[in-house]
Amino acid sequence: MKFEYSSLCDLKESKQLGTILCQSFGTPNSFWQDYVNNIGPENFRILRQNGEIIGGLAIYPMAQWYGGLRVPMAGIAAVGIAPEYRGKGAANRLMDYLIEELKDSKFSISVLYPATQRLYQKIGYERAGSYCIWEIPIANINTDNYRLSISRVDPQEYQVFENIYCQQAQNNNGNLERHSSIWKRITERSEDREVYAYLLGDLSEPEGYIIFTQEREKEEKIIKVRDKSLLTTAAIQDFWSFLAAHRSMFKKACWKSSPLDPLSLFLPEQKAKIHHQEYWMLRIIDVASALMQRGYPLGIETELHLEVKDEQIHPNNSKFCLQVSQGKAEVIKGGKGEFKIDIKSLSCLYSGLFNPAQIKLIGHLDATFKALSTANLLFSSPVPWMADFF
């Protein structure tokens, strides 16, 4: 079967793609045009067979933070094929074309949320971090000691939150440098749902913020925190106190965080629970660039000799010498190949989701004891996570 891959050319093609993807994901067609406008028509790709559009996807130009440094990242979303063309290799071909495009791009890594893992594992993606929704009965928060001033602000003026968010994001592996469409989704109100936003601390130098909605689920009123960034101990305490102040009318609160949420240490009892968890997947597009662009622990002066297996991107299928000094890296082609790993497993090592010993245990890594110990030092980190779904 002959397939063709290209960008959207005009409004007619956009509508045809929208019909396919809205059916694929069970969303109303009325949502499509806003979705396209927010991401940008230039960031959509279509797959044709015999001239007919049969599927497509979207590419979010973003970045992620690893080791305190930003790494350019292509976020992949809305991957869909028309039902009558599924099971015939179209999705595989669409993703093959995507990888071909990305290897010649500015992006060092790519991330997506899978509807099915096997499709993406075939082309080098692997689980690399978590998306978690926590919840707690508000009556169990038990704190109401405010330390900062709290000011209500217009959530749609989201620029006021970006600097605060960035300060928090750079300290958490996997957090996004967000695309503008994600900010709009967080802050946009609907006809039947108001969005509330508050800054914590002095308006000239806020120490945090909270953005939330008030909703009803199964006869319970709940606070849904769409986004938060808390830069100080006082801001964390006031976050909990602010939620606790809603206990007379609201049953529980939900928020997004790491699967090991340090905010829970403020709570007197272990009443906060993970309500929902899933994994996002990462694909390293350019091994050398990805390794050089992320940060590493300070105080370590060492080198790691990798041998990477990558069947899709030939330049990655090679030996690399990773030299680390003062938290930054240089990568030289060649070396001893003492740390043999496939491109998928390199993804979950790179993000910090699994350590080298764990990857070796499942048979996806072969390394000398010294190389294994070196990799453990270089890639040890807090668990990677993301507060955003795309």
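Relevant structure appears above.
Here we summarise the structure given alongside this text. The shown structure was predicted, so the numbers you read here are calculated from the model rather than taken from an experiment.

A few points about the pattern of salt bridges
- Under the defined criterion, the tally for this structure stands at 15 salt bridges.
- Note that E194 is salt-bridged to R189, the shortest N-O span being 2.9 Å.
- Using a relative accessible area of 35% as the deciding quantity, one classes R189 as partly exposed.
- The salt bridge involving K224 is made with E215; its shortest N-O contact spans 3.5 Å.
- For E215, a relative accessible area of 13% translates into the label buried.
- Put simply, R193, E215, E217 and K224 are held in one network by salt bridges that share partners.

With respect to the packing of helix α1 (residues 11–25) against helix α2 (residues 32–39)
- Where α1 contacts α2, the two axes come as close as 10 Å, and the packing angle between them is 115 degrees. Between α1 and α2, the interaxial angle falls into the category roughly perpendicular. Helix-helix and strand crossings are classified by hand; for α1 and α2 the assignment is right-handed. Seen from α1, the contacting residues are L11, S14, K15, L17, G18, L21 and C22; seen from α2, they are W32, Q33 and V36.
- For the contact of α1 with α2, a count of residues per class yields six nonpolar, three polar and one charged.

Considerations on the nonpolar core
- With 102 residues, the main nonpolar core has M95, Y125, L322, F339 and F390 as its most contacted residues.
- If you tally residues by element for this core, the top one is strand β3 (residues 52–66), at nine residues.
- Leave out the neighbours within four places in its chain, and L322 touches L291, Y296, T302, E303, L304, L306, A329, E330, V331, L378 and F379.
- Ranked by size, the runner-up nonpolar core spans 28 residues in total, among them Y198, A234, I236 and W255.

Scoring rules and cut-offs
Residues numbered from 1 in each chain as written. Predicted model: local features only at pLDDT ≥ 70, side-chain atom pairs only at ≥ 80, totals over all residues. Heavy atoms only, no water. Salt bridge = Lys/Arg side-chain N within 4 Å of Asp/Glu carboxyl O. Buried < 20%, exposed > 50% of the residue type's maximum accessible area, 1.4 Å probe, protein only. Axes fitted to C-alpha atoms, helices over the stretch in contact; angles between N-to-C directions. Helix = DSSP H or I, 4+ residues; strand = E, 2+ residues; numbered from the N terminus. Parallel < 35°, antiparallel > 145°, perpendicular 65-115°, else oblique. Left-handed = near helix turned anticlockwise from the far one by under 90°. Contact = heavy atoms within 4.5 Å. Nonpolar A, V, L, I, M, F, W, Y, C, P; charged D, E, K, R; others polar. Core = buried A, V, L, I, M, F, W, Y, C linked by side-chain atoms within 4.5 Å.

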